[in-house]
Amino acid sequence: MRSDESIAAIATAPGRGGVGVVRVSGSLVPAMMEKILGKRIAPRNASLCDFLDATGGAIDRGIALYFKNPHSYTGEDVLELQGHGGQVVLGMILARCIELGARIAEPGEFTRRAFLNDRIDLAQAESVADLIDASTASAARCAMRSLQGEFSEKVRDLVSALINLRMLVEATLDFPEEEIDFLAEGDAVGKLGSIRDKVNAVLRSAQTGSLIRSGIHVVFAGQPNVGKSSLLNRLSGEEHAIVTDIPGTTRDVIRQSIEIEGIPFHIIDTAGLRESEDPVEKIGIARTREVIERSDMILYLADCSRGLDEEDGKILASLPGLPRLIVYNKADLSGKPAGIEMDGSVRLSAKSGEGIDSLKSRMLELFSLHEPAETQFVARQRHVSALRDADAFLEKAGKATQAEVFAEELRLAQDSLSRITGEFTPDDLLGEIFSNFCIGK
Ligand SMILES: Nc1nc2c(ncn2[C@@H]2O[C@H](COP(=O)(O)OP(=O)(O)OP(=O)(O)O)[C@@H](O)[C@H]2O)c(=O)[nH]1
Ligand SMILES: [Mg+2]
């Protein structure tokens, strides 16, 4: 992948549409413009032009936009040709650009160039893809906030606080005889503590941001016949899962995505857990155990008239230590009111729908997602890990007894944070990040 090559791609989604866009970026753009449009057009003006083939015949007529470097998305010369949105005609325009020396862009290559030319940092570049992939309006708003740089700004604040502290400590290293006094006077330990608090606050936001981006995987577990599939159907509003009064009805893992106050939840209905001799049901139960391991939370369902019995106790003890919510179903049969209990469990009826709102509210509460959308930004697991690493280095710095060690841990913490915005990111990671983008972005 060479940055001195000009790249071209169809930027609009495949299919039919009123308008389709072919985008070109690179140093060949001015020369290409003369050939395709028959003239040079002024930057940042919409020009109605014929798009010409090699013989001078018109392929299409549309709007051409020229962005002169560095004032463009990629920071290079960019030409956008807005033609009619048909795959054949757009393919012909693209082929003409290739004929004139551009090559087909790789996925995310326009955004990668924007990053390499310092138009945006890495967290912002990732939020471009997150905005395109957002599955709820909240996720889109949060991605937009990251794209505007809110998350990057928080990270940069942390980095500059660390740099200040490092300067203080490194000055101490230059005057070793004054070591103790210098650190004490400058309150290095106090400053370290306040930076750690800030790192942890950003970490919590990033964890939430990562859940908003990718959604929360909730697995329904419980004994057979307690109403797991009925609850899935109730929450999704459709009859996805088969419901019968025969215990052991569900065998395959059934997945359905829903939205609660803008947060995506991926609900997974599973085979009821019990000792079974039925070979098919046994496979279903093994699969249940596997998906539980990979989920973010367990919603454990029990029959409200029975409560948690000995068998439930055994099953619960065997489940991994994820956030869990106990739900007592079939409230309609028990005569007890639906709602949230003192211990945080929820009583509801999948059949009548009573108590479903309480359930949704508890699901949000479990992840502190009650008022997320207005201040939140999106984040990725990669960012969460980088913040955790930074915190671990700061913790080690706090235990250091020598100024050299203290300074080194601070440096490592700073490097971890810089991975988020991309000042310190290996090439193969960049390759992986951008390869998940769509073509033309
Ligand atoms: N009265 C009442 N019946 C319910 C309620 N929820 C489920 N049922 C009934 O309970 C039975 C079992 O429901 P399912 O949803 O299939 O239960 P399940 O937990 O998925 O069962 P398995 O797939 O066998 O593990 C069915 O006859 C449902 O109609 C409820 O809230 N009230
Ligand atoms: Mg079921």
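All values derive from a computational prediction rather than experimental measurement.

## Thoughts on the pairing of strand β1 (residues 7-10)
Covered by surrounding structure in β1 are I7 and A9 together with A8 and I10, the residues of both alternating faces. The pairing of β1 with strand β2 (residues 17-25) spans four bridges and is antiparallel. When the sheet's bridge partners are listed, A8 is paired in β2 with V24. The hairpin formed by β1 and β2 contains six residues between the paired strands, and G15 there has a positive phi angle of roughly 125°.

## Considerations on the domain arrangement of the protein chain
Parsing the protein chain into structural domains produces domain 1 (7-121), domain 2 (128-211 + 378-422) and domain 3 (216-295 + 297-366). A straight line from the C-alpha centre of domain 2 to that of domain 3 covers 39 Å. Buried area between domain 2 and domain 3, summed over both chains or domains, comes out near 390 Å², and the portion from carbon and sulfur atoms is 60%. Per-residue buried area on domain 2 facing domain 3 is highest for T136, S138 and L211; these three make up 83% of the total on that side. Along the contact surface separating domain 2 from domain 3 lie zero salt bridges.

## Regarding the coordination of the magnesium ion (ligand 2)
Those protein atoms acting as donors to the magnesium ion (ligand 2) are S229 (OG) and T250 (OG1), and they sit at 2.0 to 2.1 Å. Note that S229 is positioned in helix α9 (residues 228-236) and T250 in the loop between α9 and β8 (254-260), a separation of 21 residues in sequence. With a relative accessible area of 9%, T250 lands in the buried category.

## Regarding the packing of helix α14 (residues 381-399) against helix α15 (residues 403-421)
Two elements in contact, α14 and α15, have axes separated by 8 Å at closest approach and are oriented at 170°. When the interaxial angle is binned, α14 and α15 end up roughly antiparallel. Side by side, α14 and α15 meet where R382, H383, A386, L387, D389, A390, F393, L394, K396 and A397 of the first sit next to F406, E409, L410, L412, A413, S416, L417, R419 and I420 of the second. Split by residue class, the contact of α14 with α15 holds twelve nonpolar, two polar and five charged.

## Topic: the pattern of salt bridges
Here the structure, examined in full by the defined rule, presents 27 salt bridges. The salt bridge partner of R382 is E126, with a shortest N-O separation of 2.8 Å. With R382 in helix α14 and E126 in helix α4 (residues 122-133), the pair connects residues that are 256 residues apart, well separated along the chain. The class of R382 is buried, set by a relative accessible area of 19%. With its nearest N and O atoms 2.8 Å apart, the salt bridge here joins R196 to D391. Taken together, the positions of R196 in helix α8 (residues 188-214) and D391 in helix α14 put the pair 195 residues apart, joining distant regions of the chain. The class of R196 is partly exposed, set by a relative accessible area of 25%.

So, how was this worked out
Residues numbered from 1 in each chain as written. Chains lettered and ligands numbered in written order. Predicted model: local features only at pLDDT ≥ 70, side-chain atom pairs only at ≥ 80, totals over all residues. Heavy atoms only, no water. Buried < 20%, exposed > 50% of the residue type's maximum accessible area, 1.4 Å probe, protein only. Helix = DSSP H or I, 4+ residues; strand = E, 2+ residues; numbered from the N terminus. Pairing = 2+ DSSP bridges. Domains from an automatic or database assignment. Buried area = accessible area lost by both parts, 1.4 Å probe. Salt bridge = Lys/Arg side-chain N within 4 Å of Asp/Glu carboxyl O. Donors = N, O, S within 2.8 Å, 3.2 Å for Na, K, Ca; no water. Axes fitted to C-alpha atoms, helices over the stretch in contact; angles between N-to-C directions. Parallel < 35°, antiparallel > 145°, perpendicular 65-115°, else oblique. Contact = heavy atoms within 4.5 Å. Nonpolar A, V, L, I, M, F, W, Y, C, P; charged D, E, K, R; others polar.

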